[in-house]
Amino acid sequence: MIARVFSPYKEKFAIPRQPGIVTAATGKVVLLNKANNIDLVRDLAQFSHIWLIFVFHATHQQGWKPLVRPPRLGGNKKTGVFSTRSTFRPNPIGMSVVRLEKITYINKQVELHISGLDLLDQTPIVDIKPYIPYSDAIPDAKAGFAQEQPSNSKHVSFAQKARNTLDSVQVEFPNLQTLIEQVLAQDPRPAYKQNNSSTLHEASLIDKTNFDDKVYGIRLYRFNIKWRLISASTIEVFEIH
Ligand code: SAM
């Protein structure tokens, strides 16, 4: 391990499935031990994005299976683990491209400030590399069942009580509201609960027959955020502790 991630995501639930989706998520990569040397990042600030190679440390003890059920396929169709970005793999290694905002070197500690991450707090980093567009970006690449970003976007509203909390922490957490909005807009509920219907008719049917009125919670920074669906297309945040 050469570094550790400090992230607003304190639990797996509701972390976006890929980087770059929740741009308001900011964090840092703190270099450790022999890797904590400013020489290792000389010229890295010339790159707007970096690859983080990391260990899925929170799930690796749960093992893996050759076939997995990606949420993208509705959570009930199986496909080969190597055809997915599943966390449950023979070697629990992940890779994410994140925006490199700045590098700081204070009291002999190197920190890479990043945004758009999809990583749990305390994730161990095993390598860092610059993102090189001419080779890493392939605009006409085929991506099978994952060609497009999922489009199950929800509208997010805040009840007055939640707004009051946002106002009271505004100075310390200026991006909290945007972060909550972006995280919840992707509807983090399990795939089988999500209404992916393409027609209004189907949507209203699901709305009437299978409406999900459960209260959900997510943890971002030190906040416990309570929310629920108030219509097929709207999530309401009603409390922020
Ligand atoms: N972008 C990476 C990749 O393609 O290898 C990760 C993709 S994986 C589908 C993203 C999910 O990994 C997140 O939604 C979160 O639930 C989970 N995750 C993030 N950090 C983790 C960690 N340290 N341990 C276990 N799971 C983690």
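Here is what the cut-offs are and how they apply
Note that residues are indexed from 1 along each chain, following the sequence as it is written. Confidence filtering applies because this is a predicted model: local features only for residues at pLDDT of at least 70, side-chain atom pairs given and counted only at 80 or more, and all residues used for totals across whole chains, interfaces and linings. Only the C-beta atom matters for nearness: placed from the backbone, it must lie within 6 Å of the molecule or strand for the residue to count as near. The nonpolar class holds Ala, Val, Leu, Ile, Met, Phe, Trp, Tyr, Cys and Pro. Asp, Glu, Lys and Arg form the charged class, and all remaining residues, Gly among them, are polar. Note: domain ranges come from an automatic or database domain assignment. By the criterion used throughout, residues are in contact when their C-beta atoms, derived from the backbone, lie within 7 Å. Two strands are counted as paired when DSSP detects at least two bridges linking them. What counts as a helix is a DSSP run of H or I of at least four residues, what counts as a strand is a run of E of at least two, and both are numbered from the N terminus. Note on geometry: axes are C-alpha line fits, over the in-contact stretch for helices, and angles between N-to-C directions span 0 to 180 degrees. What makes a nonpolar core is a set of buried Ala, Val, Leu, Ile, Met, Phe, Trp, Tyr and Cys residues, with links drawn between C-beta atoms within 7 Å. Whether a residue is buried, exposed or partly exposed is read from the other C-beta atoms within 10 Å of its own C-beta, which are placed from the backbone; 20 or more gives buried, 12 or fewer gives exposed, and intermediate counts give partly exposed. The arc refers to the directions leading from the helix axis to the C-beta atoms. Looking at any residue, its pLDDT shows the predictor's confidence there, from 0 to 100.

Caption draft 1: Spotlight on the site of the ligand. Among the 19 residues in the neighbourhood of the ligand, the closest are listed as Ala58, Arg85, Gly94, Leu120 and Thr123. Each residue belonging to the shell around the ligand can be placed in one class, and the counts come to 8 nonpolar, 7 polar and 4 charged.

Caption draft 2: Representation of the domain arrangement of the protein chain. You can read the domains of the protein chain as domain 1 (3-136) and domain 2 (152-240). Spacing between the C-alpha centres of domain 1 and domain 2 amounts to 25 Å. Of the residues lining the interface, 16 residues belong to domain 1; the matching set on domain 2 comes to 14 residues. Among the residues making up the side of domain 1 that touches domain 2, the classes are represented as 10 nonpolar, 4 polar and 2 charged.

Caption draft 3: The sheet that holds strand 10 (residues 216-220), seen in detail. In spatial order, the strands read 9-12-11-10; together these 4 strands make up an open sheet with mixed pairing. Both edges of this open sheet fall to strand 9 (155-158) and strand 10, since each of them pairs with a single strand only. Across the sheet, the mean angle from the axis of one strand to that of its neighbour is 35°, orientation sign disregarded. Here helix 2 (residues 160-168) sits on the sheet and contacts strand 9 and strand 12 (234-240); the angle it forms with strand 12, its principal contact strand, is near 60°.

Caption draft 4: Structural detail: the nonpolar core. Ranked by internal contacts, the top residues of the largest apolar core, which has 34 residues, are Val29, Ile125, Leu179, Ile180, Val183, Leu220 and Ile225. For this core, the element with the highest residue contribution is helix 3 (residues 176-185), accounting for 5 residues. Both domains that furnish three or more residues to this core are identified here as domain 1 (3-136) and domain 2 (152-240). Beyond its immediate stretch of four places on either side in the chain, isoleucine 180 contacts Val156, Leu220, Ile225 and Val237.

Caption draft 5: Examining the pairing of strand 11 (residues 223-231) more closely. Across 5 bridges, strand 10 lies against strand 11 in antiparallel orientation. By the bridge assignment for strand 11, leucine 220 is matched with phenylalanine 223. The hairpin formed by strand 10 and strand 11 contains 2 residues between the paired strands, and tyrosine 221 there has a positive phi angle of roughly 50°. Where strand 11 folds back onto strand 12 in an antiparallel hairpin, the turn is made up of 2 residues.

Caption draft 6: The arrangement of the sheet that holds strand 7 (residues 109-115) in detail. Pairing in this closed barrel of 6 strands is antiparallel, and the strands run 1-2-7-6-3-8 around the ring. Averaged over all adjacent pairs, the angle separating strand axes in this sheet is 45°, with direction ignored. As defined by bridge partners, strand 6 (residues 93-106) adjoins strand 7 across 7 bridges and the pair is classed as antiparallel. Across the sheet, isoleucine 103 pairs through a bridge with leucine 112, a residue of strand 7.

Caption draft 7: Representation of helix 3. Along helix 3, the residues classified as buried are Leu176, Gln177, Leu179, Ile180, Val183 and Leu184. Along the axis of helix 3, the buried positions cluster into a sector of 160°, meaning they face one direction only. Those residues of helix 3 that are buried lie in contact with strand 9, helix 2, strand 10, strand 11 and strand 12. Downstream of helix 3 by one or two residues, aspartate 187 has phi in the positive range, about 50°.

Caption draft 8: Structural detail: the environment of valine 126. Within the secondary structure, valine 126 sits in strand 8 (residues 124-130). With residues up to four places along the chain from it excluded, the contact list for valine 126 reads Met1, Ile2, Ile53, Phe54 and Val55.

Caption draft 9: Focus on the pairing of strand 2 (residues 26-31). Judged by which residues are buried, strand 2 turns out to be one-sided: Gly27, Val29 and Leu31 face inward and are buried, whereas Thr26, Lys28 and Val30, on the alternate face, are not. Here 4 bridges tie strand 1 (residues 3-6) to strand 2, and the two strands are oriented antiparallel to one another. Looking across to strand 2, one finds that valine 5 is bridged to valine 29.

Caption draft 10: Region of interest: the confidence of the model for the protein chain. For the protein chain, the mean per-residue pLDDT works out to 92, and 93% of the residues sit at or above 70. No element of the protein chain has a lower mean pLDDT than helix 4 (residues 200-209), which averages 43, and none a higher one than strand 3 (residues 49-55), which averages 99. Across residues 196-209 the pLDDT falls below 50, and counting only partners more than four positions away or on other chains, this stretch makes 9 contacts in the model. Interface confidence for the predicted complex, expressed as ipTM, amounts to 0.99; the pTM equals 0.92.

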